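# Structural characterization, general
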Amino acid sequence: MKKLSLLGLAALLCACQSIQPAAKTSLDGEVFYLQRIALPPSAVLSVSLQDVSLADAPAVVLDEQKGPVKGQVPLPFHLSYDPSQVKPGHRYSVSARIEVNGELMFISTENHAVQLDGNDPQPLKIRVDAVR
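Quick caveat: nothing in here was measured; it's all calculated off a predicted structure.

### Thoughts on the sheet that holds strand β8 (residues 124-127)
Strand order in the open sheet made by the three strands is β4-β1-β8, with mixed pairing throughout. Taken across any chain shown, the strands that pair with only one partner, and hence form the sheet edges, are β4 (75-81) and β8. Between one strand axis and the next, the sheet turns by 30 degrees as a mean value, whatever way the strands run. Pairing of strand β1 (residues 25-32) with β8 involves four bridges; the strand directions are parallel. Within β8, the position partnered with Gly-29 by the bridge is Leu-124.

### A short note on the pairing of strand β2 (residues 43-51)
Most of β2 is tucked away: eight of the nine residues are buried. With nine bridges joining them, β2 and strand β5 (residues 92-100) adopt antiparallel strand pairing. When the sheet's bridge partners are listed, Leu-49 is paired in β5 with Val-94. Bridge count between β2 and strand β3 (residues 60-68): eight bridges; the pairing is antiparallel. Of the residues in β3, the one forming a bridge with Asp-51 is Val-60.

### Concerning the side chain of Ser-93
Looking at the secondary structure, you find Ser-93 in strand β5. Setting aside chain neighbours within four positions, we find Ser-93 in contact with Ser-48, Leu-49, Gln-50, Val-52, Asn-111, His-112, Ala-113 and Val-114.

Criteria and thresholds
Residues numbered from 1 in each chain as written. Predicted model: local features only at pLDDT ≥ 70, side-chain atom pairs only at ≥ 80, totals over all residues. Heavy atoms only, no water. Pairing = 2+ DSSP bridges. Helix = DSSP H or I, 4+ residues; strand = E, 2+ residues; numbered from the N terminus. Axes fitted to C-alpha atoms, helices over the stretch in contact; angles between N-to-C directions. Buried < 20%, exposed > 50% of the residue type's maximum accessible area, 1.4 Å probe, protein only. Contact = heavy atoms within 4.5 Å.

This is the structure in structure tokens:
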């Protein structure tokens, strides 16, 4: 009985050691705009990676980076995601926006599709356009 208990405990320990957290994968890029203006110190950059597969439902956010702008354009960003969240046949996109004092100043207006298969060009270049 003792040997059976030890064997069961050893098998359980081996199973627990083989379970590892999913490795995160990342997308790096830059947000830029064409206007020749400087951003004020209160500017906030938001960049998100979304599953945009369903046209009649809100996009599912896989990761988002949001924080104060440091410096001027191009503005670097880093998004991490779990590859196990990537579903075959789904469409994924990266979007960006810059707000100043809670008001939208710039936003991406084009679809920046990514495949999330490890072959996406990096750094991604996301252009944002001024909001009038």
